[in-house]
Amino acid sequence: MYDERLTAPRSWWLLPVGSGLSFGLVFLRFGPIPGLIGLVAGIVAGAMGLSSYASARIRVVQGSLVAGKARIPLTALGRTEPLDADEAVAWRSVKADPRAFMLLRSYVRTALRVEVTDPADPTPYLYLSTRDPDGLAAAIAQAKG
């Protein structure tokens, strides 16, 4: 019903190059071959780290909201509130509740706040960075019926 991958901006993919250059310079002291190995290893390690961080997904499937590693049944969710850029900043800073579940990506300016209505769950709400908060809210509403 809904599937979004929170990928990092293209400019962030220059970070692994910087990591590779740093590793290469460190190992260049031991010779050109170790320097080349350090360059390649730094680029690969940086790319793997960035890919891991930037591979968060938000999905609405089979009666559940899957956000990153969390899987929440739709029956435990209440009202949804799409947040524009200014409200998103407020809800991840001054209005934030430390008990909230936050799938936060700094490069995504908008978000969706979803109330958790399960009395057994101490989490008051979910804060989900998303590029399409209205679409995600509609998908949750449609899946709940």
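Residues numbered from 1 in each chain as written. Predicted model: local features only at pLDDT ≥ 70, side-chain atom pairs only at ≥ 80, totals over all residues. Heavy atoms only, no water.

Right, let's get into the environment of D132. In this structure, D132 sits in the loop between β8 (125-129) and α4 (133-144). Among the residues examined, D132 registers a relative accessible area of 36% and is labelled partly exposed. Measuring from C-alpha to C-alpha, the distance between D132 and T110 comes to 7.6 Å, with 22 residues separating the pair along the chain. When near neighbours in sequence (up to four residues on either side) are disregarded, D132 contacts Y2 and E4. (Helix = DSSP H or I, 4+ residues; strand = E, 2+ residues; numbered from the N terminus. Buried < 20%, exposed > 50% of the residue type's maximum accessible area, 1.4 Å probe, protein only. Contact = heavy atoms within 4.5 Å.)

An ideal rise of 1.5 Å per residue puts 20 Å on 14 residues; helix α1 (residues 15-28) measures up with 20 Å between its terminal C-alpha atoms. Taken residue by residue, α1 has P16, G20 and G24 as its buried positions. The arc enclosing the buried residues of α1, seen along the axis, measures out at 75°, which places them on a common side. Opposite the buried face of α1, by more than 90 degrees, sit the exposed residues L15, L25 and V26. (Expected span 1.5 Å × (residues − 1). Arc of directions from axis to C-beta.)

Here we come to the pairing of strand β3 (residues 64-67). Judged by which residues are buried, β3 turns out to be covered on both faces: S64 and V66 on one side and L65 and A67 on the other are all buried. The hairpin turn running from strand β2 (residues 56-61) into β3, its antiparallel successor, is two residues long, and Q62 in that turn takes a positive phi close to 45°. In this sheet, strand β4 (residues 70-73) lies alongside β3 in antiparallel orientation, the contact comprising four bridges. Looking at the pairing, A67 lines up with A70 of β4. Here β3 hands over to β4 after two residues, with G68 in that stretch at a positive phi of 65°. (Pairing = 2+ DSSP bridges.)

Here we take up the pattern of salt bridges. In this structure the tally under the stated criterion is five salt bridges. Salt-bridge contacts for R99 lead to D97; the nearest nitrogen and oxygen are separated by 3.0 Å. (Salt bridge = Lys/Arg side-chain N within 4 Å of Asp/Glu carboxyl O.)

Here Q62, not a glycine, exhibits a phi torsion of approximately 45°, which is positive. Note on placement: Q62 falls in the loop between β2 and β3.

A word on helix α2 (residues 32-53). Helical periodicity: at 3.6 residues per turn, an α-helix aligns residues three or four positions apart in one direction. With 22 residues, α2 should reach 32 Å at 1.5 Å per residue; the first-to-last C-alpha distance of 31 Å fits that figure. Taken together, the buried positions of α2 are G35, G38, G42, G46 and L50. Looking straight down α2, one finds that the buried residues subtend no more than 85° of arc, so they occupy a single side. α2 presents I33, I37, M48 and S52 as exposed residues on the side facing more than 90 degrees away from its buried surface. On its buried face, α2 sits against α1.

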